[in-house]
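For reference, the chains in residue letters:
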Amino acid sequence: MSDQKTIMMLGNAAIARGAYEAGVKVSAAYPGTPSTEISENLVQYKDSLYCEWSPNEKVATEVAIGASMAGVRAMCSMKHVGVNVAADPLYTVSYIGVTGGLVMVAADDPGMYSSQNEQDTRLVARAAHVPVLEPSDSQEAKDFMKFAFDLSEKYDTPVIVRTTTRLAHSQSPVKLEERQDIPDKPYERDIAKRVMMPAMAKGRHLVVEDREKRLAEDSCDFSVNRMEIRDTKIGFIASGIPYLYVREVMPEASVLKLGLVNPLPKKLIEEFASKVDKLYVVEELEPLIETQVRSWGIDCTGKEIFTVQGEYSANMLRKAVLGEELPQKDPANVPNRPPILCPGCPHRSVYTVLNKLKIHAAGDIGCYTLGAVAPLSVIDTTVCMGSSISTLHGMEKAKGKDYIKNWVAVIGDSTFMHTGVNSLMNAFYNQSTETVMILDNSTTGMTGHQDHAATGKTLQGDIVPAINIYELCKAMGIKNVTEVDAFDIATLEKVVKEEVAKDELSVIITKSPCVMLGAKPMTHKCVPISDKCKKCGMCLKPGCPAITKNEDGTISIDDTLCNGCDLCVSMCKFGAIGSDS
Amino acid sequence: MDTRNIMIVGVGGQGTLLTSRVLGGVMQDAGYTVKMSEVHGMAQRGGSVVTFVRYGDEVFEPIVEEGCADLLIAFERLEAMRYAHFLKKDGVLIVNDQRMDPMPVVMGAAAYPENIIEDLSKEYKVISVDAMAEAKKLGNPKVFNVIILGVAAKHMDFSVESWNSVIEKTVKEKFIDINKQAFATGYAI
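Residues numbered from 1 in each chain as written. Chains lettered and ligands numbered in written order. Predicted model: local features only at pLDDT ≥ 70, side-chain atom pairs only at ≥ 80, totals over all residues. Heavy atoms only, no water.

### Here's the deal with the overall build of chain B
A tally of helices and strands in chain B yields eight helices and six strands. Secondary structure elements of chain B occur, N-terminal to C-terminal, as β-α-β-β-β-α-β-α-α-β-α-α-α-α. Principal-axis analysis of the C-alpha atoms gives chain B an extent of 50 × 40 × 35 Å. Looking at the 189 residues of chain B, the share that counts as buried comes to 63%. For chain B, the exposed area adds up to about 7,300 Å²; of that, 48% sits on carbon and sulfur atoms. Within chain B, the 25 negative side-chain charges are centred at a point lying 5 Å from the centre of the 20 positive side-chain charges. (Helix = DSSP H or I, 4+ residues; strand = E, 2+ residues; numbered from the N terminus. Buried < 20%, exposed > 50% of the residue type's maximum accessible area, 1.4 Å probe, protein only. Areas by Shrake-Rupley, 256 points an atom, 1.4 Å probe, with all protein chains shown as cover. Lys, Arg positive; Asp, Glu negative; His and termini not counted. Charge placed at Lys NZ, Arg CZ, Asp CG, Glu CD.)

This is the structure in structure tokens:
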């Protein structure tokens, strides 16, 4: 090997590197924290592989399945809730198996740093009978990706590599290796294996059961499942990031480190349990390992002292297992700093209008979910990707069209392309009279600006025809489709009033690129003109972080934060905010 | 060597990630095992953010526990106060003397604490620097984070050459010179 360089790598970058070294030829994904950087890193290898942003995780998974069927190594990656969207193909590809190796990377978010729930992908994998590998650091993230492809081909199964936020967004050293040359597999028609209608699927279900049994037995000898016998008074079964907390707190204790967490190596676990006096199972979120260990009649301690909620820490283990804590000071009592819309964000302008009109919004997933909190306080509901349009439709069907005369649905352009478009088809088909506002900022904002089908650019940087959201809505047959500049608050107010009043389905597309894209050159900064200020506080209403109130009631604008969007200028009736250009 | 613990805290968007990457790179080049943990996603939108950097001969967990930080680098006063309890007894706190009001303060629902630096100085070794003013003097407010890094570098045992070489590898080519100037400015404070 000529290239044996060791470099610091983000967990997600290491996953991408592992895919590259494993000879992956096709990757598809939809961005979602904490999985996004996998594809963003994979694209640097685009001379050797193809990678794309798909509109959603179901599509991404199907793209990867097709590539596997065609005989190459393929992958898809997504956050945990994306696995729900992809669950339909996932459950069935478990029956079909693979031709080229097939790996799904699922990134869970214990502690919900950037998610709407804390679900545990291992449970989905168990239900779908798909093996799960769980790495503990960046080196393992890379190594396990390569092992996942070998496993996938050897056992004819898709494999899930499960990470968590802490692994995905931590950096540690990784030794680079060269890309493996994996020859494409020849294609042979095999409808009993690839056409899942009942007669065929019945046969495949037997294969799945047998596969899982063999894997459970063989995995007792896998090197990723490692018995570390030290002091045998206490033994831990651990995997992933919690393994590191165990080593940090009790470096002398024995550990059975599991790399494969589904199916579990029963014989190995029995052997380990017989060697230690007291057995603990340490796993974040659901008691998946613990429940199975107990079902085999093995006594262990788990969730009765560890929580199912949030992220673990070394100190939490120290307290739960040893009854000790490091000496700690209480944190200072300081005001919270919740995330907010950026200065110059077009969503702030739209919400300022909706707030003024006292309109409620059925919300969706993205930066604009932040419109739920004060001072904008517009969004009332948020469930999942694409849900805004359909939940508002349900409200109307429950209570009638007058009930939603002070409601709109708000959804971003990327989320609309993800699954919102299906909800809009339903709203049109089932005669909804709701008003849908598509907040089009020309990007997938919250995850850090990824392209999508309506931006005109691909993950690999190719310029392609963009889907025109306006024409798409028109093509469905919707009569009332209006485009408005997101910062033209007077026109926006007029259009919202008109469309909400109509007894017909309306779509308002508010357009202005995300300020972080830098698409519009910043021409000036907003500056207060103190002698014209009447101290009315109107400019403070949108909650721009660049504007603060002085003790005398006038305002200051932080010139390092201001992006010159002029929303405050539009809000001021007295001309007391000018520009520095 | 015992594992050393560093934290960088600030407001999402202030550039804590770049700073931690330079830090980690320098330690890596010096032959240490390094682990870092970052915050991406929603909190990056103006929320309170924290990055952990640990280095030594063998490092397990990537996060720093409360009461264990040797060095806390805070990009904003209120954030310094929020995380000060992570410092160990003789730990050093480097704070950028800047005030950024969080939304509860902007809306009048909470008060921004007075005398933060004076109060923290009673308990910790505090080095306060107005990095934003220095950055504006250099003509680019964005490099205030590398000025703070320069200040912090004086409390660590790595050569100036080593810092500069990592800065060269980490930032975009057209910003290398301004960032090296910023580092030198901080190092001279």
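### A look at unusual backbone geometry
Residues and elements named next belong to chain A. The peptide bond linking threonine 33 to proline 34 adopts the cis configuration, its omega dihedral lying at 10 degrees. Structurally, proline 34 can be placed in the loop between β2 (26–29) and α2 (37–42). Note the cis peptide between asparagine 262 and proline 263, where omega equals -5 degrees. Residue placement: proline 263 occurs in the loop between β12 (260–262) and α12 (266–275). In the Ramachandran plot, histidine 129 falls in the positive-phi region, its phi being about 60 degrees despite a non-glycine side chain. On the secondary structure map, histidine 129 appears in the loop between α6 (121–128) and β6 (132–133).

### Looking at the sheet that holds strand β4 (residues 74–79) of chain A
All names here are of chain A. Read across the sheet, seven strands follow the order β3-β2-β4-β5-β7-β6-β12 without closing on themselves; strand pairing throughout is mixed. Strand pairing shows two members of the sheet lacking a second neighbour, β3 (50–53) and β12, which therefore form its edges. Note: β2 against β4, four bridges, orientation parallel. Residue pairing across strands places alanine 28 opposite cysteine 76, the latter belonging to β4. (Pairing = 2+ DSSP bridges.)

### Some words on the sheet that holds strand β9 (residues 226–228) of chain A
What holds strands together in a sheet is hydrogen bonding between their backbones, with the strands either parallel or antiparallel. All names here are of chain A. Taken together, the four strands give an open sheet; going across it, the order is β9-β11-β10-β13, and neighbouring strands pair in mixed fashion. Edge positions in the sheet fall to β9 and β13 (278–282), since each of these pairs with one other strand and no more. The sheet shows a mean angle of 15 degrees between the axes of neighbouring strands, taken without regard to direction. As judged from the three bridges shared by β9 and strand β11 (residues 253–257), these two strands associate in the antiparallel manner. Bridge assignment links arginine 226 to a residue of β11, and that residue is lysine 257. (Axes fitted to C-alpha atoms, helices over the stretch in contact; angles between N-to-C directions.)

### Overview of helix α1 (residues 16–29) of chain B
Residues and elements named next belong to chain B. Compared with the 20 Å implied by 1.5 Å per residue over 14 residues, the 20 Å span of α1 between its first and last C-alpha is a close match. If you check which residues of α1 are buried, you get Thr16, Leu17, Thr19, Ser20, Val22, Leu23, Gly24, Gly25, Val26, Met27 and Gln28. Following α1 by one or two positions, glycine 31 has its phi on the positive side, about 95 degrees. (Expected span 1.5 Å × (residues − 1).)

### Thoughts on the packing of helix α5 (residues 87–96) of chain A against α6 of chain A
Residue and element names in this part refer to chain A. Contact geometry of α5 with α6 gives a least axis separation of 9 Å together with a crossing angle of 45 degrees. Put simply, α5 runs oblique to α6. In the packing of α5 onto α6, the handedness of the crossing is right-handed. Note on element contacts: α6 touches α5 through Val124, Ala127 and Ala128, opposite Leu90, Tyr91 and Ser94. Class assignment for the residues of the contact of α5 with α6 results in five nonpolar, one polar and no charged. (Parallel < 35°, antiparallel > 145°, perpendicular 65-115°, else oblique. Left-handed = near helix turned anticlockwise from the far one by under 90°. Contact = heavy atoms within 4.5 Å. Nonpolar A, V, L, I, M, F, W, Y, C, P; charged D, E, K, R; others polar.)

### Concerning the interface of chain B and chain A
One widely used convention gives an interface's size as the accessible area the parts lose upon coming together. Listed per partner, the contact involves 48 residues of chain B and 50 residues of chain A. Between chain B and chain A the total buried area reaches about 4,400 Å² when both faces are included, carbon and sulfur atoms providing 61% of it. Of all residues in chain B, Met42, Arg45 and Phe60 of chain B give up the largest surface area on contact with chain A, accounting jointly for 19% of the area buried on that side. Joining chain B to chain A, the criterion identifies six salt bridges. Of the charged contacts, one joins glutamate 65 of chain B and arginine 318 of chain A as a salt bridge, the two residues approaching to 2.8 Å between their closest N and O atoms. Looking at side-chain class alone, the side of chain B that touches chain A contains 25 nonpolar, nine polar and 14 charged residues. (Buried area = accessible area lost by both parts, 1.4 Å probe. Salt bridge = Lys/Arg side-chain N within 4 Å of Asp/Glu carboxyl O.)

### Points about the domain arrangement of chain A
Residue and element names in this part refer to chain A. According to the domain assignment, chain A consists of domain 1 (6–221), domain 2 (226–322), domain 3 (346–517) and domain 4 (526–579). Taken over C-alpha atoms, the centre of domain 1 sits 32 Å from the centre of domain 3. Between domain 1 and domain 3, the residue contacts involve 19 residues of the former and 16 residues of the latter. Buried area between domain 1 and domain 3, summed over both chains or domains, comes out near 1,400 Å², and the portion from carbon and sulfur atoms is 58%. In terms of surface lost to domain 3, no three residues of domain 1 exceed Tyr30, Trp53 and Gln116, which account for 37% of the buried area on that side. Between domain 1 and domain 3 we count six residue pairs in polar contact (both at pLDDT 80 or more) in total. Elements supplying a minimum of two residues to the side of domain 1 that touches domain 3: α2 and β3. (Domains from an automatic or database assignment. Polar contact = N/O pair within 3.5 Å; in protein donor to acceptor, adjacent residues only side chain to side chain.)

### A closer look at the packing of aromatic side chains
Counted according to the given criterion, the structure contains 15 aromatic pairs over all chains. Seen from their ring centres, phenylalanine 236 of chain A and tyrosine 280 of chain A are 5.4 Å apart, and the 25 degrees between their planes marks the pair as stacked. Of this pair, phenylalanine 236 of chain A sits in strand β10 (residues 231–238) while tyrosine 280 of chain A sits in strand β13, and the two are 44 residues apart along the sequence. Grouping residues by exposure puts phenylalanine 236 of chain A and tyrosine 280 of chain A together as buried. The interplanar angle of 45 degrees and the centroid separation of 6.1 Å between the aromatic rings of phenylalanine 306 of chain A and tyrosine 312 of chain A together place this pair among those described as tilted. A residue is classified by how much of its surface remains accessible, and tyrosine 312 of chain A, at 1% relative accessible area, is buried. Every member of this aromatic cluster is reached through a ring pair, and the members are Tyr32, Tyr55, Phe158, Trp163, Phe183 and Tyr187 of chain B. (Phe/Tyr/Trp six-rings, centres within 6.5 Å; stacked < 30°, edge-to-face > 60°.)

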